[in-house]
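Tertiary structure, described
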Amino acid sequence: KVEDVVHRLSGQCASGQSGYWTYEVCIEGTIRQYHGADSYMLGRFNRVEGKTLKFDNGLPCDPPSNPMLRKVDVSLACSDNMGLQLISEPSTCVYTMTLLTPEVCADSSFPKLMSSPGGAGGPKPDDGHEDWVLQVREMESGEVVCTAFSTEQKLAGSRLSFSSFS
């Protein structure tokens, strides 16, 4: 049960980098985005909805023109190490990311993602190759959606999506 996982991880924090920004999520706490002295609180833990941790009531987006408060949906995935991957901002001030944790590995309904050789969000050897993560999800409609995400800092946020195969 996701609520049990959240309780076991309570107080632990994980981080990951996407482009210029580093992100840190503290379970049952807050999520922040930072680089050097610049830091923005993206949300406070509010609830679990299905298999997603909802963080709401972050800093205002861009008042007064856009007074919307930042928010984040955090999905869970199985991995050997704890960290953040698949960080994106699909619309202004609305973020999604995946928390990697060994705590969900016993449940096959969670996706399994490989962490980088240095651990999730850790340093990777520069072997001239780009790292990508393939995420496969079955939607409630039965449609299978595959998305490939770049994990390289220079391509962070890049992704390729496709939803039908022949």
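Preceding block: the structure.
Below: a short report on this structure. As the structure is a computational prediction, the values presented were derived from the model and not from experiment. (Residues numbered from 1 in each chain as written. Predicted model: local features only at pLDDT ≥ 70, side-chain atom pairs only at ≥ 80, totals over all residues. Heavy atoms only, no water.)

Let us now look at the overall build of the protein chain. Helix and strand counts for the protein chain come out as one helix and 13 strands. Counting helices and strands in the order they occur from the N terminus, the protein chain gives α-β-β-β-β-β-β-β-β-β-β-β-β-β. Looking at the 166 residues of the protein chain, the share that counts as buried comes to 37%. (Helix = DSSP H or I, 4+ residues; strand = E, 2+ residues; numbered from the N terminus. Buried < 20%, exposed > 50% of the residue type's maximum accessible area, 1.4 Å probe, protein only.)

Take the environment of Ile 27 next. With respect to the secondary-structure elements, Ile 27 resides in the loop between strand E2 (21-26) and strand E3 (30-35). Using a relative accessible area of 3% as the deciding quantity, one classes Ile 27 as buried. For the pair Ile 27 and Arg 44, spaced 17 residues apart in sequence, the C-alpha to C-alpha distance is 9.4 Å. With sequence-adjacent residues up to four places away left out, Ile 27 is seen in contact with Val 6, Leu 9, Ser 10, Gly 11, Gln 12, Met 82 and Leu 99. (Contact = heavy atoms within 4.5 Å.)

Taken as a whole and assessed by the stated rule, the structure comprises three disulfides. Each sulfur in the disulfide pair Cys 61 and Cys 93 lies 1.9 Å from the other. Across the S-S bond linking Cys 61 and Cys 93, the dihedral sits near 80 degrees, which makes this disulfide right-handed. Here Cys 61, found in strand E6 (residues 60-62), pairs with Cys 93, found in the loop between strand E9 (83-91) and strand E10 (94-101); they are 32 residues apart in sequence, far enough to count as distant. (Disulfide = S-S within 2.5 Å.)

All buried positions along helix H1 (residues 2-9) are accounted for by Val 2, Val 5, Val 6 and Leu 9. The buried residues of H1 all sit within an arc of 100 degrees when viewed along its axis, so they share a single face. In this structure, the buried residues of H1 make contact with strand E4 (38-49), strand E5 (52-57), strand E8 (71-78) and E10. Among the residues trailing H1, Gly 11 stands out with phi positive, at a value near 90 degrees. (Arc of directions from axis to C-beta.)

With respect to the helices, strands and loops of the structure, Asn 57 is situated in strand E5. Here Asn 57 falls in the partly exposed class, since its relative accessible area comes to 45%. Along the sequence, Asn 57 and Phe 45 sit twelve residues apart, while their C-alpha atoms lie 8.9 Å from each other. Here Asn 57 is in contact with Met 41, Gly 43, Arg 44, Leu 69 and Arg 70, once residues within four sequence places are set aside.

Taken in spatial order, the eight strands make up an open sheet running E1-E2-E3-E4-E5-E8-E10-E9, and their pairing is mixed. The sheet terminates laterally at strand E1 (13-18) and E9, the two strands that pair on one side only. Averaged over all pairs of adjacent strands, the angle between their axes in this sheet comes to 25 degrees, without regard to strand direction. Where E3 and E4 come together, six bridges link them in antiparallel fashion. Across the sheet, residue Tyr 34 finds its bridge partner in E4, namely Ser 39. (Pairing = 2+ DSSP bridges. Axes fitted to C-alpha atoms, helices over the stretch in contact; angles between N-to-C directions.)

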